[in-house]
Amino acid sequence: MMPRKRTSTTLDQTVIPQLSAEELRSIYSQELFVFRCDVTAAQISSAMTSYPTLRDVGVLIPDDISNLSRQIHTRYRLSRRESEVFGHIGQLITDLKSGEIPGHPLASVHLMSCLKDMERFEVANEFWKWLIDRDETHCDARVYGAAIENYAYQGVAQHELEEMFMEALGRYSETVDPKVARDTGKATRLMLLQGIITARILHGDWRGSYEGFDISVRLYPTLTPARIYELFLYERPVKEGYIVFLMACRAGAPPRPPTLTPLLKEIWAKHRDVKAMIRLVYAFVGAGGKPFPQHLNSLIFAILGSLPSDPSKNKGEEFDKMFGATMALIRDLISAFGTLQVFPSEGTFNTIISLGGKLRRLDLVHGGMKELHAAHLVPNMVTYRTIVNAFGEMGDREQFKAGWRDLCAARKELEMPWDVKDFTALIKA
């Protein structure tokens, strides 16, 4: 009996075992763990090195793409170096369009917003044209908000942006009528509100902006992002900015510290209201904000600047009492900031020295230098130049000459080139 002949099989007839997504994630668990750690630590270059392998085997989930996009956006906001992230954004958009990676609405938001921040509007617009026809794995009301903001910064007409806003409400408000959603905020996402508020502010529609702002703070009092408050701080008059800043602090969402600095300066320049400035800093710190040394400098400048600048009024027992109380307040402020681990900088004492010259107070000029050394700080070029200006304003010839010699010696010792401001101070004095 002849043995049975085996039937030959070709490759296309062979059944190749397929691994499930969970089995693949188990096999690549170590690589996936390292990738997620890199993303969490904002190590973008490292994360993008392992990204292609994980993409090709299909083990990335929507949250991975969302988190990676968010960190890329954050990296650009901090560095403002387009070359670090633009290539990564292009790669992610290409892979989203081809379906090689899963989508996530927040990934779409961050990618589009980052392109808007870079002013790469043509890429952002092209991405939006693809997103608008996708389902909620890629696009939702939040993405519409980012798109509205993107087009607002390109100067697109407000009525077109309002139409996009109503389209988003009609598409995602479910059982709520779009007009009701527009007027009451029901079934409205916060990012969508942020987009239309931005559009209205940039087009000068203040009533509409405040209507959106009112809905936001009423429905989401503790969730309204600082970004929405900051729009009003930058675009509205200082009195309105002052109120909005206090509202943000009361809601527990203090704006970023850099926004407080110009607000303090503007309040002093336009209203000379020291109490309002102190109240702003107090509310900011109470809401968990971290003050900067510049905020202390602004307060000291305003407090000393509130003293009479007329030399004839800078004498007498009454002025000495007022001056003593003012200096006591400044020392208390420095101490209070110190408890927050915010210590005076050279600029703080430069401010005191400068105002000492304007007030014709020799003790204030010398006191500023003394306190600077007591704080274990070293005078910088601005300090020496400020001293020259101060003694020039006071008309003290000998002290002025000594201050100029100190400036020359410091330039020579530190081998620093001369600044035109040095000679301006000399000529002015």
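The paragraphs below set out a description of the structure included in this document. (Residues numbered from 1 in each chain as written. Predicted model: local features only at pLDDT ≥ 70, side-chain atom pairs only at ≥ 80, totals over all residues. Heavy atoms only, no water.)

**A look at the nonpolar core**
Move 1: Counting 52 residues, the largest nonpolar core has Tyr 229, Phe 232, Phe 245, Ile 267, Leu 280 and Leu 304 as its most contacted members.
Move 2: Leu 24, Ile 72, Tyr 76 and Val 85 belong to the second largest nonpolar core, which has 51 residues in total. (Core = buried A, V, L, I, M, F, W, Y, C linked by side-chain atoms within 4.5 Å. Buried < 20%, exposed > 50% of the residue type's maximum accessible area, 1.4 Å probe, protein only.)

**Things to note about the environment of Met 164**
Move 1: Following the sequence through the fold, Met 164 ends up in helix 9 (residues 158-172).
Move 2: Under the relative-accessibility criterion, Met 164 is labelled buried at 13%.
Move 3: Discounting residues that sit within four places of it in the chain, Met 164 has contacts with Trp 128, Tyr 144, Ala 147, Ile 148 and Tyr 151. (Helix = DSSP H or I, 4+ residues; strand = E, 2+ residues; numbered from the N terminus. Contact = heavy atoms within 4.5 Å.)

**Comments concerning a nonpolar patch on the surface**
Move 1: A surface patch of nonpolar side chains, amounting to about 410 Å² of accessible area, comprises Trp 418, Phe 423, Leu 426 and Ile 427.
Move 2: By the element assignment, Leu 426 lies in helix 23 (residues 420-428).
Move 3: Residue Leu 426 is classed as partly exposed on the basis of its relative accessible area, which comes to 31%. (Patch = residues over 30% accessible without salt bridge, like charges linked within 9 Å, V, L, I, M, F, W, Y side chains within 5 Å. Areas by Shrake-Rupley, 256 points an atom, 1.4 Å probe, with all protein chains shown as cover. Salt bridge = Lys/Arg side-chain N within 4 Å of Asp/Glu carboxyl O.)

**Digging into unusual backbone geometry**
Only a minority of non-glycine residues have a phi that is not negative, and only a minority of peptide bonds are not trans.
Move 1: Positive phi outside glycine occurs at Arg 272, with the angle close to 50°.
Move 2: Along the chain, the position of Arg 272 falls in the loop between helix 15 (257-271) and helix 16 (274-286).
Move 3: Even without being a glycine, Glu 415 presents a positive backbone phi close to 55°.
Move 4: Residue placement: Glu 415 occurs in the loop between helix 22 (397-414) and helix 23.
Move 5: Note on Glu 415: relative accessible area 71%, which makes it exposed.

**Examining the environment of Lys 265**
Move 1: Positionally, Lys 265 belongs in helix 15.
Move 2: Residue class for Lys 265 comes out exposed when judged on its relative accessible area of 52%.
Move 3: Sequence-wise, Lys 265 and His 295 are 30 residues apart; in three dimensions their C-alpha atoms are separated by 9.2 Å.

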